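# Fold and geometry: a report
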Amino acid sequence: MSFATTSLDTGMTKQPHSSTETAPGNMRRATTAPLDIETVVEELKELPQPVGMPLLDDPKYHTRDVSVFYNETKQAIFNVDLDIGRNEVIAMIGPSGCGKSTYLRCLNRMNDTISGCRVTGELLLDGEDVYARSQDPVLLRARVGMVFQKPNPFPKSIYDNVAYGPRLHGLANNRAELDEIVEDSLTKAGLFKEVKDRLNLPGTGLSGGQQQRLCIARAIAVSPEVILMDEPTSALDPIATGIIEELIDTLRQSFTICIVTHSMQQAARISQRTAYFHMGYLVEVNDTNTVFTNPEHLLTENYITGRFG
Amino acid sequence: MNKTTATIRAGLARRYARERRFRRFGLGAIIVSMLFLFILLFTIFSQGVSGFSQTFIKLDVVLDEATLGVGPGATGEQLRNAGFAKAISQSLYTLFPDVSSRSDKRNLRALMSSNAPYRLMGIVMDDPSLLGQTYSGWFLADDDIDTYLKGHVDRSLPETDRRLKDQTLGWIDRLEAEGRIEKRFNTEFFTNNDSREPEQAGILGALMGSFFTMLVTLLLSFPIGVAAAIYLEEFAPKDNWFVDLIEVNINNLAAVPSIVFGLLGLAVFIQLFGVPRSTPLVGGLVLTLMTLPTIIIASRAALKAVPPSIREAALGMGASRVQTVFHHTLPLAMPGILTGTIIGMAQALGETAPLLMIGMIAFILSTPEGITDPATVLPVQVFLWSDSPERAFTEKTSAAIIVLLGFLILMNLLAVLFRKKFERRW
């Protein structure tokens, strides 16, 4: 045991932000001799730096050293450094309670609504500080839409659900413009054909998958720049999931999408980059292919091969 | 059979017996409470229903100039001073020509309620063409006659122990034989104010007083209560000692004896702010204080029951917190808030104690026309009548209780209807 520790201490020169996929001699490579998981986690706590390619040039989101505390005592995420690219789908995976949702909710300041929640570090959206005093959360959330785990349409008509954002922000000057926005958003969400005859019926009467697409239509009706999705398909059946995954792929043309998911297959299918979180630490970020075929970190490999989580 | 199964089986009988016992207790409790409710309602209704009817005597009143002192074409002023009382007495003397002595005549006149001349005056003022003719119509009988006809006087008692003497009973028997006396539905109960004479006493004044008091209470307590609930539930910082203190105080206020609110109203509203006492305004203010905790607690519970996902959805769309509340949370919480409000209002409608402290127990003869007119309210009217010595007030008391219960049932019905109307699923 002591030998293993020494070998770790000496051999583990961590190479954060390395652009090379795998640094030669990196002992955490899962392909080398099996390491004790607890040791690896300990080491991660000492030096919380992700492996892989967390940083990009000209990112949409630039986040550095982000930590989130609940009630000052409990720290939910630790010093996360991550860039999110333009028009990419980035998937965040990891076991329950690993902080991926918390991180996601930092991006549009939804954590503000939780009392006792404090966010430190630097979060820039197009170079603008998200947590600056001058930043207006209302404007921010208009720019960064969100889709939640449980489909949560308002108990209003389908039309009113989609029209809510444009009405709220005064994006339509008259009824015709509003109709156009609603139709356009529903079409983009792949729902228009199914509901065009019942736009005045309550949105809560739709099926689960339709409700979730309605929520996506509602989110894109205000033409946000980024869409955050917090496990958008976890409450849906495989067919509805498939439809939404296709939808996400088409939406990528116009939006940056951050998606938290528990399904590794889903992450592999729809995302370009994947970030793996573990116990509040960002462990590994890389091209989705690389993460799933050739993970650099032992924890990532254990997770994607189903050894825990 | 293994050991576990045996153990479980051995305990099963005891488990089921316990369950059956519990269910029987529950059923028993419900039956007992239903029984008491039935007894209560039966008592009130059996006593009160007769309060809605009153004994009337049919008189043929000669409206000639000799009796009244005024002839056809008299002005209103002249009519007001005309001898209608004399006309009523004359018609009685005509019915019983054998009555001659002064005291007998006085006893004869006592058959009629003291308001008979005023009623006659009202009839003639509405239709002056009656002057010079003979009007035959029904007039209120005195409450003693009414009490006797409703079976509350025992004729077998010696005459000295009865309020009604043999002479009067003889007259009543004759009137009955001639079909000149009968019990009819008493509309005056709903159109008159309080009176010392039970047969003339009505609940209009108390009803209007209750209406104005409830109006003040509703207009003040609903907006203040809902606003307070919204602030405490949606905006106030959580885990803050001051907010906790407010919360504890509100919960305690809901349990404060209502008479304390009356004392507070007396000291603050009347003494300090000089609000006129005995008025629906000050009554409404006091009842607002009493109702607020109920509304706040119910509204907070209703707001809390709105799923957080709706709030998140609205906030995620870029709605501000106030917009989130007014576009989504509040409409969804409305059924619960309305139910709480109506329950609070129903409580206020039935409240007596605090109103005693602020002078709403006054004997008021005029119908209040606004929130600053002296008034009393239904439950206080019930209290006043139940305290009156006349036998006839007993049924009035019960009748007023029936009206009060009717309004309470109406309000609860409203609560149910509002709930159904505003209820939405998510």
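Residues numbered from 1 in each chain as written. Chains lettered and ligands numbered in written order. Predicted model: local features only at pLDDT ≥ 70, side-chain atom pairs only at ≥ 80, totals over all residues. Heavy atoms only, no water.

### Some remarks on a nonpolar patch on the surface
- On the surface, B:Ile30, B:Met34, B:Leu37, B:Leu40, B:Leu41, B:Phe45 and B:Val49 cluster together into a nonpolar patch covering about 630 Å² of accessible area.
- Tracing the backbone through its elements, the reader meets B:Met34 in helix 1 (residues 3–48). (Patch = residues over 30% accessible without salt bridge, like charges linked within 9 Å, V, L, I, M, F, W, Y side chains within 5 Å. Areas by Shrake-Rupley, 256 points an atom, 1.4 Å probe, with all protein chains shown as cover. Salt bridge = Lys/Arg side-chain N within 4 Å of Asp/Glu carboxyl O. Helix = DSSP H or I, 4+ residues; strand = E, 2+ residues; numbered from the N terminus.)

### Here we look at the environment of A:Met229
All names here are of chain A.
- In this fold, Met 229 is placed in strand 8 (residues 226–230).
- Met 229 sits in the buried class, given a relative accessible area of 0%.
- Taking the C-alpha atoms as reference points, Met 229 and Ile 257, separated by 28 residues in sequence, lie 7.4 Å from one another.
- Apart from the residues within four sequence positions on either side, Met 229 is in contact with Leu 104, Val 147, Ile 216, Ile 248, Ile 257, Cys 258, Ile 259 and Val 260. (Buried < 20%, exposed > 50% of the residue type's maximum accessible area, 1.4 Å probe, protein only. Contact = heavy atoms within 4.5 Å.)

### Digging into the pairing of strand 11 (residues 281–287) of chain A
Residue and element names in this part refer to chain A.
- Burial runs high along strand 11: 6 of the 7 residues are buried.
- Pairing between strand 1 (residues 51–52) and strand 11: 2 bridges, direction parallel. Its bridge partner lying in strand 11, Gly 52 is registered against Val 285.
- Looking at chain direction, strand 10 (residues 273–278) and strand 11 are connected through 6 bridges and run antiparallel. (Pairing = 2+ DSSP bridges.)

### With respect to a positive patch on the surface
- On the surface, B:Arg14, B:Arg15, B:Arg18, B:Arg20, B:Arg21 and B:Arg24 cluster together to form a positively charged patch.
- Counting through the fold element by element, B:Arg15 comes out in helix 1. (Lys, Arg positive; Asp, Glu negative; His and termini not counted. Charge placed at Lys NZ, Arg CZ, Asp CG, Glu CD.)

### Some thoughts on the sheet that holds strand 2 (residues 61–70) of chain A
- Strand order in the open sheet made by the 4 strands is 3-2-5-6 (chain A), with antiparallel pairing throughout. Since the sheet does not close on itself, it has two edges, and those belong to strand 3 (74–84) and strand 6 (128–129) of chain A, each with one partner.

### Some remarks on the environment of B:Arg391
All names here are of chain B.
- If you trace the backbone, Arg 391 turns up in the loop between helix 17 (378–386) and helix 18 (392–422).
- For Arg 391, a relative accessible area of 40% puts it in the partly exposed group.
- C-alpha of Arg 391 to C-alpha of Ala 141: the two residues are 250 residues apart in sequence and 15 Å apart in space.
- In this structure, Arg 391 is in contact with Thr 147 and His 152, ignoring residues within four places of it in sequence.

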